[in-house]
Amino acid sequence: EVRATGKGTFKEEFVTCGGVALRDVEMTTLASRRCPGLFLCGELLDVDGVTGGVNFMNCWSSGFVAGTSAVEYMTSKLLAEPEK
């Protein structure tokens, strides 16, 4: 169990360090190169920075790309399956 007891002072909050190495991600779709059908965004990616507008924009933008790509991936899979 982890219990939150408060937060740090201003400028102590940072985004999570680490994540999936960018070399393992197809950057145009944010698809995993190791696990087909897995799309990554935001702090799942190994991108570090100070919290604030830039980090939010990274999360929102990469979320849009990953989500759109996931829909396209699944749509192509469903269209490729023969009807039953």
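Residues numbered from 1 in each chain as written. Predicted model: local features only at pLDDT ≥ 70, side-chain atom pairs only at ≥ 80, totals over all residues. Heavy atoms only, no water.

Draft legend 1. Spotlight on the nonpolar core. Counting seven residues, the largest nonpolar core consists of Val25, Leu30, Ala31, Phe39, Leu40, Leu45 and Ala66. Filtering out sequence-adjacent residues up to four positions away, Leu30 remains in contact with Val25, Leu38, Phe39, Leu40, Leu45, Ser62, Val65 and Ala66. (Core = buried A, V, L, I, M, F, W, Y, C linked by side-chain atoms within 4.5 Å. Buried < 20%, exposed > 50% of the residue type's maximum accessible area, 1.4 Å probe, protein only. Contact = heavy atoms within 4.5 Å.)

Draft legend 2. View of the pattern of salt bridges. One pass over the full model with this rule turns up three salt bridges. In this structure, the salt-bridge partner of Arg33 is Glu26, at a minimum N-O distance of 3.5 Å. Owing to a relative accessible area of 51%, Arg33 belongs among the exposed residues under this scheme. Judged by relative accessible area, which is 31%, Glu26 ranks as partly exposed. (Salt bridge = Lys/Arg side-chain N within 4 Å of Asp/Glu carboxyl O.)

Draft legend 3. View of a nonpolar patch on the surface. A cluster of nonpolar side chains, contributed by Leu22, Met27 and Val47, occupies part of the molecular surface with about 240 Å² of accessible area. Residue classification places Met27 among the partly exposed positions, given a relative accessible area of 47%. (Patch = residues over 30% accessible without salt bridge, like charges linked within 9 Å, V, L, I, M, F, W, Y side chains within 5 Å. Areas by Shrake-Rupley, 256 points an atom, 1.4 Å probe, with all protein chains shown as cover.)

Draft legend 4. Just the packing of aromatic side chains, in detail. Summed over the entire model, instances satisfying the criterion amount to two aromatic pairs. When the centroid spacing of 5.7 Å and the interplanar angle of 65° are considered together, the rings of Phe39 and Tyr73 count as edge-to-face. Highlighted residues: Phe39 in the loop between β2 (31-32) and α1 (53-80) and Tyr73 in helix α1, separated in sequence by 34 residues. A relative accessible area of 26% places Tyr73 in the partly exposed class. Centroid distance Phe56 to Trp60: 5.6 Å. Interplanar angle 20°. Geometry classified as stacked. One end of the pair is Phe56 and the other is Trp60, both in helix α1 and four residues apart, which spans about a single turn. For Trp60, a relative accessible area of 60% gives the class exposed. (Phe/Tyr/Trp six-rings, centres within 6.5 Å; stacked < 30°, edge-to-face > 60°. Helix = DSSP H or I, 4+ residues; strand = E, 2+ residues; numbered from the N terminus.)

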